[in-house]
Structure formats: structure tokens, C-alpha cells
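Analysis of the macromolecular model
Read off the chains here:
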Amino acid sequence: MKKLLMIAVAAFMVTINANAQQMFLKPMVGGTLATITGDGTDDAKMKLGLAAGAEFGYYVMEPLAITAGALVSMQGAGMKDNGDITDGSETLTYLNIPVMANYYVAPGLALKAGVQPGFLLSRKNKYTRNGHEHENTDKDGLKSFDFSIPLGISYEISDFVIDARYNLGLSNIIDVEHSDYSQKNSVIMLTLGYKIPF
């Protein structure tokens, strides 16, 4: 009876450990290189921003894992100097929820793709015109929801994960009630994360 109980406990512990290896939490931090494409964006250029958050992952089967995250991402675009406006930038901060399939093509190396709804948290439009600084934080005229397709690649070194992805914006971020323009986010993101299995 004691042997049977010991075997059952050992089997239970092995099962718990195996299941624990299937799930992980990955805090991550990094940067973005973003711009806005579409109507009226001829003067737009790439701008740097920050990104931070975490993703939860689950290994469905070898070699596939599914991740879902919450990332605060600084996006938007810079503005090219045109003689009238100088030192301009449009910073749009989003809470993005990427849900991605991760396919491991080699140990530690994964290709990934998915969907990403995003929610506009804040706006900061700052520029200098004719020597005078201007700043606008009003979100009127912008949609609160954005939808993107994230595509990327990641590489794991021990429990550290280097992740590079491109977020292709599909939604018009301009509120059609305020403008006939159609503009979309275009974001390159590079992050470093740390996998915590549980």
C-alpha cells in the first residue's frame, strides 16, 4: 500500500512538473520604430518610442506555442522639417493585446504571426511652428480602437528572449466623422523578455 501511494505521489509530481513546463510568463521591454502611412502623411517619418509589458505562453504541442500579451507601446510618427513646422512628432500610446502563434523552426528559434487589437491611451502632438512651440493632447479626431497583424521572429538564449516583430496596421486610426483621410499605424518593435515557467 505504501509503495502504491509513493508511486501515485511520484506520478502526480511528474505530471505537475510536466504541465508547469508547458506554461510561462514573459515580462518584456524594448523599443519601437513607428510611422503613420496613408493620406496626408508625406511629411511623416519614423520615430523612436518605448514598449513594455508581458506575455503569457502555452506550449500546445511540439513545435507550436500560443502567446497572449498586454503591451504598452509608444507609436505615431515624426514630422519632417518643411520650413514651417520643425521638430514635430505625433506620439500615440496604445495598450496592445497581441495573440500570436509561435512556430519553432529550430531549438529556440520561432516564427510568429497573429492578431493584435489595440486601445488608444493617450496622444501627444508636439511641434514647433515659426519658432513657437505647440502641444496638443486632445484625442478627438482619432479612433480609440486599432487593429494590427503582428509578424515576427524570436530567439531564446537560456530563458532570455529576443523578439523582433512588425505590426501591420489595418485600421484607419482617423475618426471618419472628423476627416475623409485614411491613416494607419506601421510599427517595428524590438524587445528583450525573460521566460518564467510555471
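Here's what I pulled together on the structure shown here. For clarity, every value in this text was computed on a predicted model and none was experimentally measured.

Here we look at the pairing of strand β7 (residues 109-129)
- Relative to β7, strand β6 (residues 99-106) runs antiparallel, the two sharing seven bridges. Across the sheet, the residue bridging to M100 is G114, located in β7.
- Here β6 folds back onto β7, and the loop between the two strands holds two residues, one of which, G108, carries a positive phi near 85 degrees.
- Relative to strand β9 (residues 145-157), β7 runs antiparallel, the two being bridged by nine bridges. Bridge assignment links L111 to a residue of β9, and that residue is I153.
- Where β7 and strand β8 (residues 132-136) come together, five bridges link them in antiparallel fashion. Counted as the bridge partner of N125 is N136 from β8.

Overview of the pairing of strand β1 (residues 23-38)
- Here β1 pairs with strand β3 (residues 47-61) via twelve bridges, running antiparallel. Looking at the pairing, T32 lines up with G49 of β3.
- As paired strands, β1 and strand β12 (residues 196-197) are joined by two bridges and run antiparallel to one another. Looking at the pairing, F24 lines up with P197 of β12.
- With eleven bridges joining them, β1 and strand β11 (residues 183-194) adopt antiparallel strand pairing. Considered in β11, the bridge of A34 is made with V187.

A few points about the packing of aromatic side chains
- Counted by the stated rule, this structure contains five aromatic pairs.
- Ring geometry for F24 against Y59: centres 5.4 Å apart, planes inclined by 50 degrees, an arrangement best described as tilted. Pair noted here: F24 is in strand β1 and Y59 is in strand β3, with a separation of 35 residues, a long-range link.
- What makes Y59 partly exposed here is its relative accessible area of 23%.
- With centroids separated by 5.6 Å and ring planes inclined at 65 degrees, the aromatic side chains of F119 and F145 adopt a geometry described as edge-to-face. Of the two residues, F119 sits in strand β7 while F145 sits in strand β9, which places them 26 residues apart along the sequence.
- Judged by relative accessible area, F119 falls into the partly exposed class, the value being 39%.
- For F145, a relative accessible area of 38% gives the class partly exposed.
- The rings of F24, Y59 and Y104 are connected pair by pair, giving a single aromatic cluster.
- Over the ring of F24 we find K195, and its NZ or CZ is 4.4 Å from the ring centre.

Quick look at the pattern of salt bridges
- Within this structure, the stated rule accounts for seven salt bridges.
- The partner of D163 in a salt bridge is K26, and the shortest N-O contact between them spans 4.0 Å. Taken as a pair, D163 in strand β10 (residues 160-169) and K26 in strand β1 lie far apart in primary sequence, 137 residues in all.
- A relative accessible area of 0% means that D163 is categorised as buried.
- Here K26 falls in the buried class, since its relative accessible area comes to 4%.
- Beyond isolated ion pairs, a larger network of salt bridges with shared partners links K26, E55, K112, D163 and R165.

Quick word on the side chain of K112
- Tracing the backbone through its elements, the reader meets K112 in strand β7.
- In this structure the side chain of K112 is engaged in a polar contact, spanning 3.0 Å, whose partner is the side chain of N102.
- Polar side-chain contacts of K112 include one of 2.7 Å to the side chain of D163.
- Residues contacting K112, with those up to four places away along its chain left out, are K26, M100, A101, N102, P150, L151, G152, I153, S154, D163 and R165.

Reading the values: rules and limits
Residues numbered from 1 in each chain as written. Predicted model: local features only at pLDDT ≥ 70, side-chain atom pairs only at ≥ 80, totals over all residues. Heavy atoms only, no water. Pairing = 2+ DSSP bridges. Helix = DSSP H or I, 4+ residues; strand = E, 2+ residues; numbered from the N terminus. Phe/Tyr/Trp six-rings, centres within 6.5 Å; stacked < 30°, edge-to-face > 60°. Buried < 20%, exposed > 50% of the residue type's maximum accessible area, 1.4 Å probe, protein only. Lys NZ or Arg CZ within 6 Å of the ring centre and 35° of its normal. Salt bridge = Lys/Arg side-chain N within 4 Å of Asp/Glu carboxyl O. Polar contact = N/O pair within 3.5 Å; in protein donor to acceptor, adjacent residues only side chain to side chain. Contact = heavy atoms within 4.5 Å.

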